[in-house]
Every structure is written in structure tokens, then in C-alpha cells.
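A look at the structure
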Amino acid sequence: MRRSIITGSGCYIPEVVVKNNDFSANAFYSEEGALLDRSATDIISKFSKITGIVERRYAPPGILTSHMAAQAAELAIADSGLDREAIDQIIVAHNFGDVDSTHPVQTDIVPSLASRVKQQLGILNPSCIPYDLVFGCPGWLQGLIQADAFFKAGIAKNILIIGAETLSRVIDDHDRDSMIFSDGAGACMLQYKEVEGSKIGILSASVRSDCGEETGYIHMDGTHKPESILDSRYIKMKGRKVYEYALRYVPAAMKDCFDASGLDIRDLKAVFIHQANEKMDEAIVKSFFDLYGVTEIAADVMPMCIQWLGNSSVATIPTLFDLVKKGNLPGHRLDKGDIILFASVGAGMNINAVCYGCY
């Protein structure tokens, strides 16, 4: 039996640590441009209680999204033991391209980030095809689903999938939601290989997209600060709308995916969910288990790193997986045969999930 197997993983965690109190001098405004009538200290305290975030990582000056992607990729390739010239495709999931810290008003996506990563990796094989994938925060996981489809179609056997983002360069300092976002990169080497047993590799997947009014839940817009002379556009989020959408649809999408695997809910070891917001993620996972009538959930079922890494969009899941896989997240570990569920939600609005048996 041939299955899509993660044979290697890697992540790049930026060195610049930004703590919550680093935002204490910020003046925060509402979406309507009104100065919030609470102190920055109170706003930050409430923010931390909801999101769970204490600190986050930003890329240092001179480091671009494609640089972080290449560094995570190097680790994933080394971990897999695969000759890089045997890679058939390089998929780089992102949403903003390379954004230079000295010119943050303009993104750079030509040539594609995947082409830049191929160059930085020194891959010469012309049959190695690099391309980008823009799908909101679920982009890396969509790359995993897409690669699995290419394998089954006989188009490829080895695909490098990377999620990387520098959100710190597209945030509005006067929007309290800016404290959520961070930078980072995560990667995996996916290979189509013979496996023993029926519970190894990608077992099932599900995807959902709602593009009515939902397209405006996460979007680009100007600063919240009125009468600003800046003409830049920043990432904006309707937090309550995103929360309600996620709680309504993500648990059901996760169930659709897990049911398609044919496994029993008692087989599930862990849920690797997009690190968007601690309270929201906890509510999603609880609702998911509620659909199976499970009321007692294992304390270690949902590994989290948002507390110290923030929300790095497409990079959160591959980074979290790499940390756990390599024993770098205390209290969590993965062994061969463990059944896990990946799940994500983000701009679009898009939702996806993958059930995976650890190799």
C-alpha cells in the first residue's frame, strides 16, 4: 500500500522576541477611528486572556519570508534524508510574499517565493517545479492536500511543502488585533511510499470555502488612526465574525475528515490546530469532541505554541508539528502509528482538515 508520508520536517523561529508589554505605548483605535477609552495596559491584559499570547516572534531586518522558508526547508530535507535533486515540486504557502522591513508598503511576489526557495536550496533539477499557494492561514495544509492528490494522480513522488509569513510587516500599530500576528516558517517533506498497515500516512481530508460576506472577515484596509498621512494597507480582521464562523463550521469539517478515515474517535491521539487564538481553538476542539459525545478530553490532546510564538498564519501548524515531532514541546510527543488531525481556518473564508497516521 502506498501512502503520502511526512518523512522530514523543519521550522524557522525568528530570534526577535516581542512581549505584550512592548505594545504598552501604542494608541489603539476602533474600526471607526475612535480612540479606545481604556488604557493600553488594560487592552493588553484582556487580549492575553483571550488569545493566550504572552509573546511572539518577529523576523529581524534583512530576513524575508523566502529566507525563512528556505531555512525551514533545509531542515526538513535533512530530516528526510532525501537527495534534494529528487524533489518533484516545491509548494510555498504564504499570503503577502516578501515584504522588506525597510519598504513595508509593497509586497514582492515576482518571481514566486517557491522559485526563490529553489534557488536558495541550490536545486538544479529543471523537473523540480516550484510554485506558490495563497489560501489564507490554511495554505500549508492545503498544500499537503494538493500534494497528496498529485501523488495519487501519478504526477509526483516527492514534494516539499512550506508555510512562511512575515505578518509583522503588514500590521497596523493602532489596531489591537495587530498583537496577534507574528512571523515564522515551517516545512515538511512529503513522499509517496510503500507502508505497512492501513493507518499510516494521509488517511483522509476535507475542505470548505465560504465566499459570500465571509470574504470581508479578514481583509486589507487602512490604519485605524484617523487623519493619518500614511497610505498603507494592513491586515484587518473582524474578530467576532471570525470566531462565530470558526465555531459554526470548523468542528463539522474536522468530523467530516475524521469520519472519512474510518477510524474510531478513541484512536485519535492529538489535534494540531492552526494557532489562531487559544480560547477559540479550545472551543473548536471541545465542539469537535462533543459531536462524538466525548466529554472527557485528554489534557494533552491539543498541543499549543501560540503562547510564545503568536499567530504566524500558514506557519503555525508545520512549526507546531515539527516541535512535537522532535520532542521540543514539553508534555507532547508523537510515536509511529499515532493518529493525529490537522485543522485550519482563515481568510477566504477557508477551512480544511487532514487525518494522518504518523510514520
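Preceding this paragraph is the structure being described.
In this report, we go over the structure that sits alongside the text. (Residues numbered from 1 in each chain as written. Predicted model: local features only at pLDDT ≥ 70, side-chain atom pairs only at ≥ 80, totals over all residues. Heavy atoms only, no water.)

1. So, the overall build of the protein
Each helix and strand counted, the protein has eight helices and 15 strands in total. The burial tally for the protein puts 57% of its 359 residues in the buried class. Contacts spanning at least 24 positions in sequence make up 77% of the contacts within the protein whose residues lie at least 6 apart. Carbon and sulfur atoms form 51% of the exposed surface of the protein, whose accessible area is close to 15,100 Å². Looking at charge distribution, the protein has the averaged site of its 34 positive side-chain charges lying 4 Å from that of its 45 negative ones. (Helix = DSSP H or I, 4+ residues; strand = E, 2+ residues; numbered from the N terminus. Buried < 20%, exposed > 50% of the residue type's maximum accessible area, 1.4 Å probe, protein only. Contact = heavy atoms within 4.5 Å. Areas by Shrake-Rupley, 256 points an atom, 1.4 Å probe, with all protein chains shown as cover. Lys, Arg positive; Asp, Glu negative; His and termini not counted. Charge placed at Lys NZ, Arg CZ, Asp CG, Glu CD.)

2. Considering the environment of L113
Of note, L113 is situated in helix α3 (residues 113-121). Residue classification places L113 among the buried positions, given a relative accessible area of 0%. Sequence separation between L113 and A164 is 51 residues; the distance between their C-alpha atoms is 9.6 Å.

3. Brief notes about the nonpolar core
Soluble globular proteins tend to bury their nonpolar side chains together. The biggest cluster of nonpolar side chains holds 55 residues, and the ones touching the most others in it are M254, F258, L268, F288, V345 and C355. Contributions of two or more residues to this core are made by α1 (40-51), β12 (234-237), α5 (239-261), β13 (268-273), α6 (278-290), β14 (339-346) and β15 (350-357). For this core, the element with the most residues is α5, which contributes nine residues. Sequence-distant contacts of L268, that is, excluding residues within four places in its chain, are made with F258, F288, F289, I339, I340 and L341. Counting 36 residues, the second-largest nonpolar core is a separate cluster that includes I91, I159, I317 and V354. (Core = buried A, V, L, I, M, F, W, Y, C linked by side-chain atoms within 4.5 Å.)

4. Concerning the packing of aromatic side chains
What the rule picks out here adds up to 11 aromatic pairs. A ring pair is formed by F321 and F342, whose centres lie 5.7 Å apart and whose planes are at 70°; its orientation type is edge-to-face. Here F321 is found in helix α8 (residues 316-325), whereas its partner F342 is found in strand β14, with 21 residues between them in sequence. Judged by relative accessible area, F321 falls into the buried class, the value being 4%. Taken together, the ring pairs in this structure connect W140, F272, F321, F342 and Y356 into an aromatic cluster. Over the ring of Y249 we find R208; its NZ or CZ atom is 3.8 Å from the centre of that ring. (Phe/Tyr/Trp six-rings, centres within 6.5 Å; stacked < 30°, edge-to-face > 60°. Lys NZ or Arg CZ within 6 Å of the ring centre and 35° of its normal.)

5. Side note on α8
In terms of residue burial, α8 counts as a mostly covered element, since nine of its 10 residues are buried. Those residues of α8 that fall on the buried side of the exposure criterion are T316, I317, P318, T319, L320, F321, D322, L323 and V324. Buried residues belonging to α8 abut β1 (2-12), α4 (139-152), β9 (183-194), β13, α7 (306-309) and β14. Two residues or fewer past α8, G327 is found with a positive phi of approximately 70°.

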